[in-house]
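Structure at a glance
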Amino acid sequence: MFGSDYPRTMVEITYKMSFDFILKSSEISPENKEKFLGKNAKAFYGFKNAKEIEPIKNML
C-alpha cells in the first residue's frame, strides 16, 4: 500500500513517480507487483467486483 503520510512523500517524489518505479523495477517480481498495486487490498477489503477508475487529470 502507498503510504502518503510519509514525511517526504509528494515533496521529493510524487505518487506517479512511485508507481512508475514499481512498474519498471526488475527487483520486484510480476506477482509481487500485482499484489502491491491492488491485489492485496482487494482481498483484504473484500472487493470482489472492483472496477478500474479513470485517471483524474491534474492529480499527482
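Check the entry above for the structure.
The sections below set out a description of the structure shown in this document. (Residues numbered from 1 in each chain as written. Predicted model: local features only at pLDDT ≥ 70, side-chain atom pairs only at ≥ 80, totals over all residues. Heavy atoms only, no water.)

1. Focus: helix H2 (residues 30–45)
With 16 residues, H2 extends 22 Å from end C-alpha to end C-alpha; this agrees with the ideal 22 Å at 1.5 Å per step. Along H2, the helix axis deviates most sharply at phenylalanine 36, where the bend reaches about 60°. Taken together, the buried positions of H2 are occupied by Lys33, Gly38 and Ala41. Of the surrounding elements, those touching the buried residues of H2 are helix H1 (15–24). Note on H2: the residue one or two positions beyond its end, glycine 46, has a positive phi of about 80°. (Helix = DSSP H or I, 4+ residues; strand = E, 2+ residues; numbered from the N terminus. Expected span 1.5 Å × (residues − 1). Bend = angle between axes of the 7 residues up to and from the residue. Buried < 20%, exposed > 50% of the residue type's maximum accessible area, 1.4 Å probe, protein only. Contact = heavy atoms within 4.5 Å.)

2. A short note on the environment of leucine 23
Within the secondary structure, leucine 23 is located in helix H1. Sequence-wise, leucine 23 and leucine 37 are 14 residues apart; in three dimensions their C-alpha atoms are separated by 9.1 Å. With residues near it in sequence (within four places) discarded, leucine 23 still touches Lys33 and Leu37.

3. A few points about the packing of aromatic side chains
Describing an aromatic ring pair means giving the distance of the ring centres and the angle of the ring planes. By the definition in use, this model includes 2 aromatic pairs. Measuring from ring centre to ring centre gives 4.9 Å for phenylalanine 44 and tyrosine 45, while their planes differ by 90°; the resulting arrangement is edge-to-face. Here the aromatic rings of tyrosine 45 and phenylalanine 47 are separated by 5.7 Å at their centres, their planes lie at 25°, and the arrangement is stacked. Taken together, the aromatic side chains of Phe44, Tyr45 and Phe47 make up a single cluster linked through ring pairs. (Phe/Tyr/Trp six-rings, centres within 6.5 Å; stacked < 30°, edge-to-face > 60°.)

4. Some details on the side chain of serine 25
As for its placement among the helices and strands, serine 25 is situated in the loop between H1 and H2. Among the polar contacts made by the side chain of serine 25, one reaches the main-chain amide nitrogen of glutamate 27 at a distance of 3.0 Å. (Polar contact = N/O pair within 3.5 Å; in protein donor to acceptor, adjacent residues only side chain to side chain.)

5. A word on the packing of H1 against H2
Geometry of a packed helix pair, given as the angle between the helix axes and the separation of the axes. Two elements in contact, H1 and H2, have axes separated by 9 Å at closest approach and are oriented at 155°. With respect to H2, the element H1 is oriented roughly antiparallel. The segment H1 lies against H2, with Phe19, Ile22, Leu23 and Lys24 engaging Lys33, Phe36 and Leu37. In the contact of H1 with H2, the residues fall into 5 nonpolar, no polar and 2 charged. (Axes fitted to C-alpha atoms, helices over the stretch in contact; angles between N-to-C directions. Parallel < 35°, antiparallel > 145°, perpendicular 65-115°, else oblique. Nonpolar A, V, L, I, M, F, W, Y, C, P; charged D, E, K, R; others polar.)

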